[in-house]
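# Geometric and topological summary
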Amino acid sequence: MSLKQTEAIVIKSYNLSEADRIVVFFTREFGLVRGVAKGAKRLQSKFGSTLEPFSTVNLEFFQKEERELVSIQSVELLQSRFSIASDPEFLNAFSYLGDLITDFALPHDADEKLYRMIGACLSAGNSSGDLPAIVLYFELWLLRLSGFLPDWSRCESCRQNIDTAAENFVVPGFHLQCSTCRKSYVLSTVRSAELSAFRSILTIPPSEFTTFAADKQESVELLSGIMKRLIAQALGREVAGGASLR
Ligand SMILES: [Zn+2]
């Protein structure tokens, strides 16, 4: 049994027994970690309010070899998001993103890029009200970091660079085809606004993307719809929560 310490973001928690809770963290050093918080439901719990969803904390836990569920030793609050998390729209959006994290991330598989992306999206969600843009940003990057995001810089068929000023077509498999190669059945048509939003997400932080996307709500909605279909295909099922944001 070894004691481990890392910075972490609380994703969600649920009741285990009368006194205890299970808390799901995304940690900087160990990826997704599920742990038992003994006595967390008691009024005088040592955990206090540190286990509120979307808080950033310092986490100490004991891990037994070969055991996925760890024993939470101590949690120190670094940044509370309690006030913003009481906003139903924020809670709805980030609960959906939290579900995606637990669906895509493997337990105890470190992914510091994903850790930083979650923190950046939470901060952007805190300061900007544009939740659909942040949700799209997150969906796209989660797919990219998991290896599911197709390359939209070239046409799947002729391998020419995509002309971002022209109409292009998302085909089954979620690759792009140019108008010359277009097949009879396409999932969606994407225009320059969608293609520039797609490229922006890959190059700028979420706080800047919300500014970029301020006058592109239709494109955000269209792209987010495509990403949800791609997520459903990657997971082999529809994603709960995604629909309620549309
Ligand atoms: Zn082509």
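All values derive from a computational prediction rather than experimental measurement.

Following both chains from N to C, one finds helix H5 (residues 192-203) and helix H7 (residues 217-235) inclined at 70 degrees, their axes separated by 9 Å at the closest point. In terms of axis orientation, H5 runs roughly perpendicular to H7. Of the residues in H7, those touching H5 at Ala193, Glu194, Ala197 and Phe198 are Ser219, Val220, Leu222 and Leu223. Each residue belonging to the contact of H5 with H7 can be placed in one class, and the counts come to 6 nonpolar, 1 polar and 1 charged.

This paragraph deals with the packing of helix H3 (residues 112-127) against helix H4 (residues 131-145). Two elements in contact, H3 and H4, have axes separated by 10 Å at closest approach and are oriented at 175 degrees. In terms of orientation, H3 lies roughly antiparallel with respect to H4. Of the residues in H4, those in contact with Lys113, Leu114, Met117, Cys121, Ala124 and Gly125 of H3 are Leu131, Ile134, Tyr137, Phe138, Trp141 and Leu145.

Bringing the domain arrangement of the protein into the picture now. Domain boundaries assigned for the protein yield domain 1 (2-84) and domain 2 (90-245). Computed from C-alpha coordinates alone, the two centres of domain 1 and domain 2 are separated by 29 Å. Listed as interface residues are 17 residues of domain 1 and, on the opposing side, 18 residues of domain 2. Among the elements of the structure, strand S1 (2-15), strand S2 (21-27) and strand S3 (31-37) are those that each provide at least two residues to the side of domain 1 that touches domain 2. Broken down by element, the residue count for the side of domain 1 that touches domain 2 peaks at 4 residues, all from S3.

Conventions we followed
- Just so you know, the residues in each chain are numbered from 1, in the order the chain's sequence is written.
- pLDDT decides what is reported in this predicted model: residues at 70 or higher carry local features, side-chain atom pairs at 80 or more are listed and counted, and totals for whole chains, interfaces and linings draw on all residues regardless.
- Every axis corresponds to a line fitted to the C-alpha atoms, with the helix fit spanning only the stretch in contact, and the corresponding angles, defined between N-to-C directions, vary from 0 to 180 degrees.
- Each helix is a run of H or I in the DSSP string that is no shorter than four residues. Each strand is a run of E no shorter than two, and both are numbered from the N terminus.
- Here the angle decides the label: under 35 degrees means roughly parallel, over 145 means roughly antiparallel, 65 to 115 means roughly perpendicular, and every other value means oblique.
- Throughout, a pair of residues is in contact if the C-beta atoms placed from their backbones lie within 7 Å.
- Any residue outside Ala, Val, Leu, Ile, Met, Phe, Trp, Tyr, Cys, Pro, Asp, Glu, Lys and Arg is labelled polar, Gly included; the first ten of those are nonpolar and the last four are charged.
- For each domain, the first and last residues come from an automatic or database assignment.

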